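Coordinates in review
What follows is the residue order along each chain.
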Amino acid sequence: MTSAGDDTRWVMDTSTFTQFCRAKREDVLERLAPQGVILIPDSVATEIGRGRDLGYDLPDIDSLPWVQRGILTEDEESLQLVIKVDMPSRAGDPPTKNLGECAVLACATTRKMIAVIDDREARQQGRARNLRFLSTMHIIIQAYRVLDDVDAEAAEQLYEAL
């Protein structure tokens, strides 16, 4: 976990990003993100794009100045696949299952960033690799603690919207 004063940048998975965007509260991410910027790995950007193609009301990440698209290095791509092998899967799961979470964890590892992930298996992989991570719930709590316009009622509304 991290504190509000921590300046270690965030690398974010699809679920957290899209939940805040679908709730029309992406401003919370922008305002809380260390240095006002989050990194979205390329495989996460692909997942977000698929959501847009399916009709979900999500912004184009390239239109948001506070979002950086992260292209994985060869070492990060290799680590992404190692992590994917360690992630639980079921027969019939598509080969792309968990690629976004694995990319987030690979970036967090190599770039010394904080992973923003909600998936339980991804958090377990993060713990096993001694990575720092946050969840959506932590961000809501942090918003309540540090943002002047997020009181208890606003935090509850944000939680319910997600």
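Residues numbered from 1 in each chain as written. Predicted model: local features only at pLDDT ≥ 70, side-chain atom pairs only at ≥ 80, totals over all residues. Heavy atoms only, no water.

It is worth spelling out a nonpolar patch on the surface at this point. Together, M137, I141 and Y159 give the surface a local cluster of nonpolar side chains, amounting to about 290 Å² of exposed area. You can see M137 is positioned in helix α7 (residues 136-146). Look at M137 and you get partly exposed, because its relative accessible area is 40%. (Patch = residues over 30% accessible without salt bridge, like charges linked within 9 Å, V, L, I, M, F, W, Y side chains within 5 Å. Areas by Shrake-Rupley, 256 points an atom, 1.4 Å probe, with all protein chains shown as cover. Salt bridge = Lys/Arg side-chain N within 4 Å of Asp/Glu carboxyl O. Helix = DSSP H or I, 4+ residues; strand = E, 2+ residues; numbered from the N terminus. Buried < 20%, exposed > 50% of the residue type's maximum accessible area, 1.4 Å probe, protein only.)

The final tally for this structure, using the stated rule, is zero disulfides. No disulfide involves C21; its sulfur sits 18 Å from the nearest other cysteine sulfur, which is in C107. (Disulfide = S-S within 2.5 Å.)

What follows concerns unusual backbone geometry. Residues other than glycine seldom take positive phi values, yet N98 does so here, at roughly 70°. In this structure, N98 sits in the loop between α4 (74-86) and α5 (99-111).

Quick look at the packing of aromatic side chains now. Counted by the stated rule, this structure contains one aromatic pair. A ring pair is formed by F17 and W66, whose centres lie 6.4 Å apart and whose planes are at 45°; its orientation type is tilted. With F17 in helix α1 (residues 14-22) and W66 in the loop between α3 (42-53) and β3 (67-70), this pair connects stretches of sequence that are 49 residues apart. (Phe/Tyr/Trp six-rings, centres within 6.5 Å; stacked < 30°, edge-to-face > 60°.)

Moving on, we come to the nonpolar core. Nonpolar side chains tend to gather and get buried jointly when the protein is soluble and globular. W10, F17, I38 and I40 are the most contacted members of the largest nonpolar core, which has 49 residues in total. Broken down by element, the residue count for this core peaks at seven residues, all from α5. Residues within four places of F17 in sequence aside, it is in contact with M12, L29, I38, I40, I48, P59, I61, L64, W66 and V67. (Core = buried A, V, L, I, M, F, W, Y, C linked by side-chain atoms within 4.5 Å. Contact = heavy atoms within 4.5 Å.)

Further remarks concern the environment of D149. On the secondary structure map, D149 appears in the loop between α7 and α8 (152-161). Among the residues examined, D149 registers a relative accessible area of 46% and is labelled partly exposed. What D149 contacts, discounting residues up to four positions off in sequence, is R25, R31 and A154. At 2.5 Å, the side chain of D149 and the side chain of R31 are in polar contact. (Polar contact = N/O pair within 3.5 Å; in protein donor to acceptor, adjacent residues only side chain to side chain.)

Once that is clear, we can look at the sheet that holds β3. Taken in spatial order, the five strands line up as β3-β2-β1-β4-β5 in an open sheet, and their pairing is parallel. The open sheet has two edge strands with one neighbour each: β3 and β5 (133-134). Taken together, the four bridges between strand β2 (residues 38-41) and β3 define a ladder with parallel strand orientation. Note on β3: the bridge partner recorded for I38 is V67. Sheet strands touched by α3: β1 (10-12), β2 and β3. Its angle to β2, the strand with the most contacts, is close to 80°. (Pairing = 2+ DSSP bridges. Axes fitted to C-alpha atoms, helices over the stretch in contact; angles between N-to-C directions.)

Let's shift gears to the pattern of salt bridges. As enumerated under the stated definition, the model contains eight salt bridges in all. Measuring nitrogen to oxygen at the nearest pair gives 2.5 Å for the salt bridge that ties R31 to D149. A residue pair is termed long-range when its members are at least 10 positions apart, and R31 in helix α2 (residues 26-32) and D149 in the loop between α7 and α8 qualify at 118 residues. With its nearest N and O atoms 2.8 Å apart, the salt bridge here joins R129 to D86. Here D86 lies in helix α4 and R129 lies in the loop between α6 (120-128) and β5, a separation of 43 residues in the sequence. When its relative accessible area of 22% is taken as the criterion, R129 is described as partly exposed. Beyond isolated ion pairs, a larger network of salt bridges with shared partners links R25, D27, R31 and D149.

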